[in-house]
Amino acid sequence: MHELSIVSGIVESVLNFVAAQQISKVVDVRLSVGELTNLQPEQLCFCYTALIEQTAIAGSKLEVEAVPAVVSCPHCSYQGPPKYWADALSLAPVPTLQCPQCGKATEATQGHECAIKTIKYVA
Ligand SMILES: [Zn+2]
């Protein structure tokens, strides 16, 4: 599972941080997750809870903050939210990398990230 490998990397970073800073208790970990990653927040939280059992950060919570996609078009210099395809099979519209203005391919400048934003802890 994609989520599991990502979350295990995150848990590892948090554990390293806790060990280095000699933190007694982590309350919650806030994650920025881009819209274009296709990661499901529920899946991330589920993996997190499973992975932190028996570790120094057991009992902490994972909070997922969605980062909206932003694209920029090298053809017409459009910058902004991407074009969405309404997909009948999924509940949410699917962001595409097609320019909403000229229809050519854009580059995502935001929306691919998956990183720890903040760690709330008790020293
Ligand atoms: Zn364009």
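Scroll up a little and you will see the structure.
Residues numbered from 1 in each chain as written. Predicted model: local features only at pLDDT ≥ 70, side-chain atom pairs only at ≥ 80, totals over all residues. Heavy atoms only, no water.

Some remarks on the sheet that holds strand β8 (residues 114-122)
The pairing of strands in a sheet happens through backbone hydrogen bonds and is either parallel or antiparallel.
Here's step 1: On the basis of which strands lie adjacent, the open sheet formed by 3 strands has the order β2-β1-β8 and mixed pairing. Where the open sheet ends on each side, the last strands, each with one partner, are β2 (61-67) and β8. The sheet shows a mean angle of 20 degrees between the axes of neighbouring strands, taken without regard to direction.
Here's step 2: Pairing of strand β1 (residues 25-34) with β8, which is carried by 8 bridges, proceeds in the antiparallel orientation. Looking at the pairing, Val29 lines up with Ile119 of β8.
Here's step 3: Against the sheet, helix α1 (residues 2-21) engages β1 and β8, with an angle of about 40 degrees to β8.
Here's step 4: Along the sheet face, helix α2 (residues 41-52) touches β1 and β2 and points at about 155 degrees away from the line of β2. (Pairing = 2+ DSSP bridges. Helix = DSSP H or I, 4+ residues; strand = E, 2+ residues; numbered from the N terminus. Axes fitted to C-alpha atoms, helices over the stretch in contact; angles between N-to-C directions. Contact = heavy atoms within 4.5 Å.)

Overview of the pattern of salt bridges
Here's step 1: Tallied over the full model, the rule gives 4 salt bridges.
Here's step 2: A salt bridge links Lys120 to Asp28; the shortest N-O distance between them is 3.7 Å. Here Lys120 is found in strand β8, whereas its partner Asp28 is found in strand β1, with 92 residues between them in sequence.
Here's step 3: For Asp28, a relative accessible area of 7% translates into the label buried.
Here's step 4: Salt-bridge contacts for Glu63 lead to Arg30; the nearest nitrogen and oxygen are separated by 2.7 Å. Here Glu63 is found in strand β2, whereas its partner Arg30 is found in strand β1, with 33 residues between them in sequence.
Here's step 5: Linked through salt bridges whose partners overlap, the residues forming this network are Arg30, Glu63, Glu65 and Lys117. (Salt bridge = Lys/Arg side-chain N within 4 Å of Asp/Glu carboxyl O. Buried < 20%, exposed > 50% of the residue type's maximum accessible area, 1.4 Å probe, protein only.)

These values are about where atoms sit, not about what they do.
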